[in-house]
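# Chains, contacts and geometry: an overview
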Amino acid sequence: MPHIVVIGAGIGGLTAAALLLKQGFRVTVLEASTYPGGCAGTFFHQGYHFDAGATLAGGFDANGPHTRLADKLGLEWNVSPIRDAAWVVHLPERKIHQYVDQQAWRDEYLTNFPYSESFWHRQERLAKISWDISIRDFPFPPATLDEALRLPLGLRLDTFSALPYLTRKFRGLLPKQTDAEFKAFIDAQLLISAQAVSDDADALYGSTVLDLPRRGVVHVHGGMGGIAETLVGWLRANGGQVCFRQQVARLDVKNNRVTAAHTNKGLSLQADAFLGNLTPWALEKLLGEAAPTSLKSEVRRRDPMWGAFVMYVGLDANIVDQSITHHQVVMDVNKKLGEGNSVFISLSPLDDESRAPKGFRTATLSTHTSVLSWDELHKKDPEAYEERKAEYAERLLNAAEHALPGFRKAAKLIMPGTPHTYEFFTRRPLGMVGGFPQTSLLRARSPRTGLKNLWLVGDSIFPGQSTAGVTIGAMRVAKLVQERIL
Ligand SMILES: Cc1cc2nc3c(=O)[nH]c(=O)nc-3n(C[C@H](O)[C@H](O)[C@H](O)COP(=O)(O)OP(=O)(O)OC[C@H]3O[C@@H](n4cnc5c(N)ncnc54)[C@H](O)[C@@H]3O)c2cc1C
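Here is a short report on the structure shown in this document. (Residues numbered from 1 in each chain as written. Predicted model: local features only at pLDDT ≥ 70, side-chain atom pairs only at ≥ 80, totals over all residues.)

### Section: the overall build of the protein
Keep this limit in mind: The secondary structure listing takes helices from DSSP runs of H or I that are at least 4 residues long and strands from runs of E that are at least 2 residues long, numbered from the N terminus. Based on C-alpha atoms, the radius of gyration is set beside the globule rule, defined as 2.2 Å times the residue count to the power 0.38. Think of it as a crowd count around each C-beta: if 20 or more other C-beta atoms lie within 10 Å the residue is buried, if 12 or fewer it is exposed, and in between it is partly exposed, with C-beta placed from the backbone throughout. Here, residue contact means that the backbone-derived C-beta atoms of the two residues sit within 7 Å.
Assigned secondary structure in the protein consists of 16 helices and 19 strands. Radius of gyration (C-alpha) of the protein: 22 Å, near the 23 Å computed for a compact globule of 486 residues. In terms of overall dimensions, the protein has C-alpha extents of about 60 × 55 × 45 Å along its principal axes. A buried classification covers 51% of the 486 residues belonging to the protein. Put simply, of all contacts in the protein between residues at least 6 apart along the chain, 72% involve residues at least 24 apart.

### Some points on the packing of helix α1 (residues 11-22) against helix α2 (residues 65-73)
The following threshold applies: Only C-alpha atoms enter the line fits that serve as axes; for helices the fit covers just the stretch in contact. Angles between N-to-C directions range over 0 to 180 degrees. By the definition adopted for this analysis, an angle is roughly parallel if under 35 degrees, roughly antiparallel if over 145, roughly perpendicular if from 65 to 115, and oblique otherwise. Helix crossings are classified by the rotation of the near helix relative to the far one: an anticlockwise turn of less than a right angle makes the crossing left-handed, while a clockwise turn makes it right-handed.
It is at 10 Å that the axes of α1 and α2 come closest, and there the two elements cross at 30 degrees. The orientation of α1 relative to α2 falls into the category roughly parallel. Handedness of the crossing formed by α1 with α2: left-handed. Here Thr 15, Ala 18, Leu 19 and Lys 22 of α1 come into contact with α2, specifically with Leu 69, Lys 72 and Leu 73.

### Thoughts on the sheet that holds strand β15 (residues 326-330)
Note the cut-off: Strands were regarded as paired on the criterion that DSSP finds at least two bridges between them.
Taken together, the seven strands give an open sheet; going across it, the order is β7-β6-β15-β16-β17-β14-β18, and neighbouring strands pair in mixed fashion. Each edge of the open sheet carries a strand with a single partner, namely β7 (95-99) and β18 (411-417). With direction set aside, neighbouring strand axes in the sheet form an average angle of 20 degrees. When strand β16 (residues 342-347) meets strand β17 (residues 360-370), the two strands line up antiparallel, connected through four bridges. Within β17, the residue paired with Ile 345 across the bridge is Leu 365.

### Some words on the nonpolar core
Note the threshold: By convention in this section, buried Ala, Val, Leu, Ile, Met, Phe, Trp, Tyr and Cys residues joined through C-beta atoms within 7 Å make up a nonpolar core.
By size, the foremost hydrophobic cluster in this structure holds 140 residues, and its most contacted members are Ile 4, Leu 14, Ala 16, Ala 17, Leu 20 and Leu 235. Once residues lying within four places of it in the same chain are set aside, the contact partners of Leu 20 are Ile 4, Phe 25, Val 27, Ala 478, Val 481 and Gln 482.

### A closer look at the site of the ligand
Convention followed: We count a residue as near a molecule or strand when its backbone-placed C-beta atom lies within 6 Å of that partner. For this classification, the nonpolar set comprises Ala, Val, Leu, Ile, Met, Phe, Trp, Tyr, Cys and Pro, the charged set comprises Asp, Glu, Lys and Arg, and every other residue, Gly included, is treated as polar. Domain limits in this description derive from either an automatic procedure or a database domain assignment.
Looking at the ligand, there are 39 residues lining it, with Gly 8, Gly 10, Gly 12, Gly 38 and Gly 458 nearest. Sorting the residues of the shell around the ligand by element identifies α1, α10 (280-287), β14 (306-316) and α16 (467-485) as the ones contributing at least two each. It is α1 that contributes the most residues to the shell around the ligand, three residues altogether. Counted by class, the shell around the ligand contains 17 nonpolar, 18 polar and four charged residues. Residue contributions to the shell around the ligand reach at least three from each of two domains, namely domain 1 (3-43 + 60-79 + 223-302 + 438-485) and domain 3 (306-430).

### Examining the pairing of strand β10 (residues 248-254)
In terms of strand pairing, β10 meets strand β11 (residues 257-263) through six bridges, oriented antiparallel. Residue pairing across strands places Arg 250 opposite His 262, the latter belonging to β11. Two successive antiparallel strands, β10 and β11, enclose a turn made up of two residues, where Asn 255 displays a positive phi of approximately 50 degrees.

### Observations concerning the environment of Tyr 35
Secondary-structure assignment places Tyr 35 in the loop between β2 (26-30) and β3 (42-45). Residue classification places Tyr 35 among the partly exposed residues on the basis of 17 C-beta atoms within 10 Å. Between the C-alpha atom of Tyr 35 and that of Gly 450, which follows or precedes it by 415 residues, the distance is 30 Å. Those residues within four positions of Tyr 35 in sequence are excluded, and the remaining contacts are Gly 41, Phe 43 and Gly 225.

### Comments concerning helix α7 (residues 180-194)
Worth spelling out the cut-off: In this scheme, a helix's expected span is set at 1.5 Å multiplied by one less than its residue total.
For α7, with 15 residues, the first-to-last C-alpha span of 20 Å sits near the 21 Å given by 1.5 Å per residue. Most of α7 is tucked away, with twelve of its 15 residues classed as buried. The complete set of buried residues in α7 reads Phe 182, Ala 184, Phe 185, Ile 186, Asp 187, Ala 188, Gln 189, Leu 190, Leu 191, Ile 192, Ser 193 and Ala 194. Packing partners of the buried residues in α7 comprise β6 (85-90), β7, α8 (203-209), β15, β16 and β17. Where α7 terminates, the next one or two residues include Gln 195, which has phi positive at roughly 60 degrees.

Listed below in structure tokens is the structure:
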């Protein structure tokens, strides 16, 4: 059977690896780190299990990507559904609960934004069309002629009703009465899911991600890393190989094909096809001189992705005893989001004792930040870098105190992380995370790399970020590899 080497044990790499193993391929995953999951991993420090990046797990509803993957593989996730509010959005003047239950959610938005009903109806209709398309394994954007020819098979009558929105920005859907609070409420959610606010985000993509709270949000027992660990367990139990501490340092290329991967520990593997669970920048670096011209010009042309400033906090659970685990804060609705003005806070569930020493719980706080300024400071002015880190940590603590009074007093361990931290731990150049801003479906990135037997998987390809998003992308890549290799 053909051999597939997957570079990276993020959710995208592991999902594609598992599906290919299920199809009968021989599969080896090479992971640089000592644990799986990358940005959706959970790491251990001083008795705490901290989520490294992703904290909110969605897509576990009946037709959600994680459920469909579990059905295909015959595995079970160690998760329990969130039934009340998926998260609470804290604006300066009000709190909005993102209820899972549709009726409770309708009551909540009508109470807070009485003029917004028709907006939500349209958003739900467009979201339903997109989710239905994703269930049909739509190969978008097509990477081969076969995929292009198959595209029309995924269309249904209702798909055509979404066509007028194909080139529109999300701001075009906002109600006329939109005020600063409503815009900040919408923008904060678009930023974490589409990596762009309503002025730039694609209308259809934005509608789809606003549905997230009602699309199977769960607690993963032991932390988000449980998703990746379940996949590693499944791969190993079914004859796949997952090797940790094996950072791929070089790829051999001959006749426009990759022939072998070499790791920093001296392991060399030949294979019929390779998947890079990498950003285009990381792949270009890995290929060096052998990088195709298209890839070289792509990384020169593109703006960098967002980065994240994070804070991992060990909390006294007697002081912060809030049972709703996810909170999103916007400190000033008239200022740009990110850079500490919008912060996502996730607490470990009170009943998950595996996450922290007795009487404690973990919190992961994050805000979007632009990567270039951090990189410059880190290289040129270490003192200013440390000062900025301390200043951002203050901003995040202020936001947490606003949403969860007592947070500062409860914080017994605080570890801030910058884009540089992400670069170090996830090997993503400049610490760019979260995939490309989804500003236009017509510019969506396909898995192509310019080499015949090498494809990208993960949040750089459409539909982009989140464990649910990269799972959809990986399902499509696994199918593509199967068609090209067999
Ligand atoms: C702060 C933050 C908050 C987020 N919040 C959420 C959230 O709440 N919910 C959600 O669903 N998503 C969230 N996301 C997004 C989500 O985490 C990512 O989109 C997703 O996990 C990315 O998966 P990936 O497959 O692209 O792989 P990555 O996570 O990028 O993992 C790639 C893996 O490849 C390994 N690797 C890299 N280079 C090499 C090499 N040369 N050799 C071997 N191994 C290599 C890395 O070590 C890593 O383990 C968040 C992300 C961040 C940063």
